[in-house]
Amino acid sequence: MQQFIQSATIPSSSGAGRISSVLPIPTTPLFEEVVQWPRNLVLISMMEEEEIEFVDELEAILHLTPEVQQAIEQVFPSQDPLDRADFNAVEYINTLFPTEHSLANIDDVVNKIRFKIRRLDDNIRTVVRGQTNVGQDGRQALEEAQKAIQQLFGKIKDIKDKAEKSEQMVKEITRDIKQLDHAKRHLTTSITTLNHLHMLAGGVDSLEAMTRRRQYGEVANLLQGVVNVLEHFHKYMGIPQIRQLSERVKAAQTELGQQILADFEEAFPLQGTKRPGGPSNVLRDACLVANVLDPRIKQEIIKKFIRQHLSEYLVLFQENQDVAWLDKIDRRYAWIKRQLVDYEEKYGRMFPGEWCMTERIAVEFCHITRIELAKLMRTRAKEIEVKLLLFAIQRTTNFEGLLAKRFSGSTLRDGGGKKPELPPPSTNPFLEDEAGSDESALERDGDMDKPKKPKAPDNPFHGIMSKCFEPHLYVYIESQDRNLGELIDRFVADFRAQGPPKSSTDDAGAVLPSCADLFVYYKKCMVQCSLLSTGEPMIALSTIFQKYLREYAWKILSGNLPKTSSSSSGGLTISSLLKEKEGPEAAKFSVDELCLVCSILSTAEYCLATTQQLEEKLKEKVDKILVERINLTGEMDTFSNVISNSIQLLVQDLDAACDPALTAMSKMPWQNVEHVGDQSPYVTSIIMHIKHNVPVIRDNLASTRKYFTQFVIKFANSFIPKFINHLFRCKPISMVGAEQLLLDTHSLKTVLLDLPSIGSQVVRKAPASYTKIVVKGMTRAEMILKVVMAPHEPSVVFVDNYIKLLADGNPETFQKILDMKGLKRSEQSSMLELFRQRLPTPPSGAEGAPCLTYSTPTPEQESSRIRKLEKLIKKRL
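Conventions and cut-offs
- Residues take numbers from 1 onward in each chain, read along the sequence in its written order.
- Local features in this predicted model are restricted to residues whose pLDDT is 70 or higher, and side-chain atom pairs enter the listing and the counts only when it is 80 or higher, whereas totals over whole chains, interfaces and linings include all residues.
- Hydrogens are left out, water is left out, and the side-chain values use all remaining heavy atoms of the structure.
- Here a helix means four or more residues in a row that DSSP labels H or I, a strand means two or more in a row labelled E, and each is numbered from the N terminus.
- Think of it in three bands: residues with accessible area under 20% of the maximum for their type are buried, residues over 50% are exposed, and the middle band is partly exposed, with areas taken using a 1.4 Å probe on protein chains only.
- Between two residues, a contact is recorded if the distance between any of their heavy atoms is within 4.5 Å.
- Throughout, the Shrake-Rupley method with a 1.4 Å probe supplies accessible areas, and for residues the shown protein chains are the sole cover considered.
- In this scheme Phe, Tyr and Trp rings, the latter by its six-membered ring, pair at centre separations within 6.5 Å, and the angle between planes marks the pair as stacked below 30 degrees, edge-to-face above 60, and tilted otherwise.
- Distance and angle both matter: a charge sits over a ring if NZ of Lys or CZ of Arg is within 6 Å of the ring centre and within 35 degrees of the ring normal.
- Angles shown run from 0 to 180 degrees and are taken between the N-to-C directions of axes, each axis being a line fitted to C-alpha atoms and, for helices, limited to the stretch in contact.
- Working rule for angles: under 35 degrees goes down as roughly parallel, over 145 as roughly antiparallel, 65 to 115 as roughly perpendicular, anything else as oblique.
- In this scheme the crossing of two helices becomes right-handed for a clockwise turn of the near helix relative to the far one and left-handed for an anticlockwise turn of less than a right angle.
- Each residue is assigned to one class: nonpolar for Ala, Val, Leu, Ile, Met, Phe, Trp, Tyr, Cys and Pro, charged for Asp, Glu, Lys and Arg, and polar for all the others, Gly among them.
- What goes into a patch is any residue over 30% in relative accessible area without a salt bridge, connected to like charges within 9 Å or, for nonpolar side chains (Val, Leu, Ile, Met, Phe, Trp, Tyr), within 5 Å.
- One speaks of a salt bridge when a side-chain nitrogen belonging to Lys or Arg is within 4 Å of a carboxyl oxygen belonging to Asp or Glu.
- Lining residues are those with an atom within 4 Å of a point, where the points come from a 1 Å grid over the protein atoms alone and group into cavities, where a 1.4 Å probe fits but cannot get out, or pockets, open sets with protein on both sides within 12 Å along at least five of seven lines.
- Grid points are joined across faces, edges and corners, and a volume is the space filled by probe spheres set on the points.

Trainee: What exactly am I supposed to notice about the overall build of the chain here?
Mentor: Looking only at helices and strands, the chain features 30 helices and two strands. The buried share of the chain, taken over its 877 residues, is 39%. Partitioning the intrachain contacts of the chain with sequence separation of at least 6 by distance along the chain shows that 79% fall at a separation of at least 24. As presented, the chain carries roughly 50,700 Å² of accessible surface, and 55% of it is formed by carbon and sulfur atoms.

Trainee: I would appreciate a short explanation of unusual backbone geometry in the present structure.
Mentor: Residues apart from glycine generally show negative phi values, whereas peptide bonds are mostly found in trans. Going from K731 to P732, the amide bond is cis rather than trans, its omega being -10 degrees. Mapped onto the secondary structure, P732 falls in the loop between helix 24 (705–729) and helix 25 (735–753). Located in the positive-phi region is C356, a residue other than glycine, with phi close to 50 degrees. Judged by its relative accessible area of 25%, C356 is partly exposed.

Trainee: What is the right way to look at the packing of aromatic side chains in this model?
Mentor: Here the distance between the centres and the angle between the planes together describe a pair of aromatic rings. Following the criterion strictly, the structure yields 16 aromatic pairs and no others. In textbook terms, an aromatic cluster arises when at least three aromatic residues are bridged by ring pairs, as seen for Y313, F317, Y333, W335, F365 and F399. Directly above the ring of W325 sits R380, whose terminal nitrogen or CZ lies 4.0 Å from the centroid.

Trainee: Looking at this structure, I do not really get the side chain of S466. What am I missing?
Mentor: As for its position among the elements, S466 is in the loop between helix 16 (434–438) and helix 17 (474–498). Using a relative accessible area of 3% as the deciding quantity, one classes S466 as buried.

Trainee: Quick question: what am I supposed to make of the packing of helix 23 (residues 681–700) against helix 24 here?
Mentor: Running from N to C, helix 23 and helix 24 point in directions that differ by 160 degrees, and their axes come no closer than 11 Å. In terms of axis orientation, helix 23 runs roughly antiparallel to helix 24. The element helix 23 and its partner helix 24 pack so that their crossing is right-handed. Counting all contacts with helix 23, which are made through I686, I690, V694, I697 and R698, the residues of helix 24 involved are R705, F708, F711, F715 and F719. Classifying every residue of the contact of helix 23 with helix 24 gives eight nonpolar, no polar and two charged.

Trainee: Looking at this structure, how should I read a nonpolar patch on the surface?
Mentor: Side chains of L64, V68, I72, V75 and F76 sit close together on the surface and give an oily, nonpolar patch of about 460 Å² of accessible area. Here V75 is to be found in helix 4 (residues 66–75). Given a relative accessible area of 56%, V75 falls into the exposed group.

Trainee: I would appreciate a short explanation of the environment of N459 in the present structure.
Mentor: Examined against the element boundaries, N459 turns out to sit in the loop between helix 16 and helix 17. With 56 residues separating them along the chain, N459 and L403 place their C-alpha atoms 8.7 Å apart.

Trainee: Where do I start with the packing of helix 13 (residues 329–347) against helix 15 (residues 386–406) in this structure?
Mentor: A pair of packed helices is captured by two measures, namely the crossing angle of their axes and the spacing between those axes. Axis separation between helix 13 and helix 15 bottoms out at 9 Å; the angle between their running directions is 20 degrees. Here helix 15 runs roughly parallel to helix 13, going by the angle between their axes. Side by side, helix 13 and helix 15 meet where I329, D330, Y333, I336, K337 and E344 of the first sit next to F391, A392, R395, T396, F399, L402 and R406 of the second. For the contact of helix 13 with helix 15, the residue count by class is seven nonpolar, one polar and five charged.

Trainee: Would you mind going over empty space enclosed by the protein with me for this structure?
Mentor: One water molecule sets the probe size; rolling that probe over the atoms shows where empty space is left. Enumeration over the complete set of coordinates arrives at two cavities of 30 Å³ or more. In this structure, the second largest cavity occupies an estimated 30 Å³ of space. Every residue along the wall of the second largest cavity is listed here: F317, Q318, E319, A324, R332, E372, K375 and L376. Of the residues forming the lining of the second largest cavity, the biggest block, three residues, is contributed by helix 14 (residues 357–379). Partitioning the lining of the second largest cavity into residue classes produces three nonpolar, one polar and four charged.

Trainee: Just checking my understanding: could you explain the pattern of salt bridges for this structure?
Mentor: Should their charged atoms come close, side chains of opposite charge can pair. The tally for this structure, following the rule as stated, stands at 21 salt bridges. D494 is the partner of R490 in a salt bridge, and the nearest nitrogen-oxygen pair spans 3.9 Å. With R490 and D494 both in helix 17 and four residues apart, this pair spans about one turn of that helix. Assessed through its relative accessible area of 44%, R490 is described here as partly exposed. Between K722 and D655 there is a salt bridge whose closest N-O contact spans 3.0 Å. Of the two residues, K722 is situated in helix 24 and D655 in helix 22 (residues 633–667); the sequence distance between them amounts to 67 residues. Residues K722 and D655 agree in their burial class; the two are buried. Each of D655, D659 and K722 takes part in a single network of salt bridges with overlapping partners.

Following this line, the structure appears as structure tokens:
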């Protein structure tokens, strides 16, 4: 046997690299013969000491970091083992000579390696020599670049010098031209100024002469020209002659103003009548002059003319005249219509169109009428009746609408005739067509015309006269208060006379007709009041709405709910404790009463939704600063309470119908049951009551499906704890009795799961929330019975089984289980002590750890406490 060993390992000075060769040296006695092999002697002679030291030093210097080595491999990928960073010479030689026979070609391998070394040396030498002249070439290129920059700098300097010489030459050439330009501009300015001065002087002379001759037509054009020319001399006011001309122009303007006012006073005296010959051309030209004069002259002319034009109105409709009262308010508007037509015919061409004299007369008439009506109504406030007030408001708003159609309202607003932006259209469904309802909102008698008043945002004249009626709208509000009170009383009387809707009619479970009548009347009142005012009267009206919404909820809805032996809200009272009935004497609603409760529930839901829409519409109608005072939340809560009470009544009725069956269950001798049969009679009785009540309620609440869901959920939350409470009363129970009760519990669970669609041709999946309540509650009942069925020996197993199945840490519940099993008190004591010991104590602060219910009572515990309280009160009474 021959073995290969490693030899000839020479460590470098840094210890980082080694050159090793693996020679197949046998360990047999033939060692002397192998050493003398010629090929091995050749290989050893090649390893000279100088080469080994050179290689060691080279490896120490060329130790590259892993990052550099990785970058080299990416740029120059190679599969040659000599190029690898973890090159191992021993492994490489062993790869070349794996066996003794492979040493036969060692000379060829050495020659190849030497050839590769020489080729690498040549490549390195070529690269090194190629880099010797790089520095010299760079220095030469730099010197050439510097010379080129110097030459470029010299050329730029020459160009700059030539440009400066050219600029100087141009300045010398154009110096004379600039002087000529300045002279021309000054000469032109002087000639223009002299022309303006000549025009100003001549214009002032002509203006003074024409003013004395009252030639207003020529003065209107000339005065505007003189004023425009005078504006060019503002910077020359320091010259006495210019200042004198300016003062003459001002004096002429003052004289013109006084003269024109005097002419109008003469033509339209306040005490006398109008000039017989009508307006003259002189006054028409005088108005044109007034446009150029101080605006105060124009305002004075307008004021005096309108005052003179309306002086007859103040006389005809004095406070002591019969035609001044509200019942003859039409005559006021008829008079101003005739006056406006008369003005258009006689004076329409005298005043410029931009003065809007017709509109100004109408506006001044409105202001005077508002003041006079307010004064008159304060004096005769006791004589104002609702019909008279509405008649006056309706006629006034109609006239305001007529003014809006005829005039733009430019004299009322700043910024000319620009109309205000329209508000965005309302999406509130409470009023389907407000425009259509506006037409008949103010009709109180058959002979009253339909109001033609457009909406307030479109009418700039809205409220210009009708605002005087706002302080007296309390008469209207009081009238609506009385009308609504009578309406509610009529609803109550009609309900008592007609009785509740019968189950045999199509109206069973439908919304009461009186509800729709009430909100239709509300709609009419709201639209009507919005036409009268959008301020405090709307707040007062909303208060009236709130009052009668509450009365409707109390008198019509809550007041007509069927009465039960307990309170309608389901609370615990002395009466409910004393009159607790069992068996056939338990109170139960008829089908008609069930339909009535459903009808009231549907009506309350309709009132709730419509009241919310009413609140939104009131906020749209009222002024923005008063929006926060509109709040119908209390009334919506009232209707919500009616809905809750109605659902509670339905739950109590069905719950009370099941009480006799549960009482019968608790009184059965379960310890004597010998065999398990079909479901017990009490289960059949409960199912019969459910099948009798639930379809009626479901059909009558078809339009309010969500409240039917609330009904079944509340019934499940009420019935299941009561069933478990009666289950605890069944004691003692034998094994067979427990099995029968478990069968009955499963039957009830099945019926309860199908309760939402019981007796219906269309089977719907029960709501997930309801299913969860039923499964959780009835599963607990089943677990109680399974614990009762389990043997109580051994005790530890029984207690652990109870804790596992029920997860209830209340000792009272555990004692009830023991009572159901019929254990003696001595056995119960030991069981209770063991139960307390076996209860797991949850670690404080542990999250997600399973814990038992200690402080929070379960539904059956709460029901048990109520029963104890009932018994205690009965004993004391």
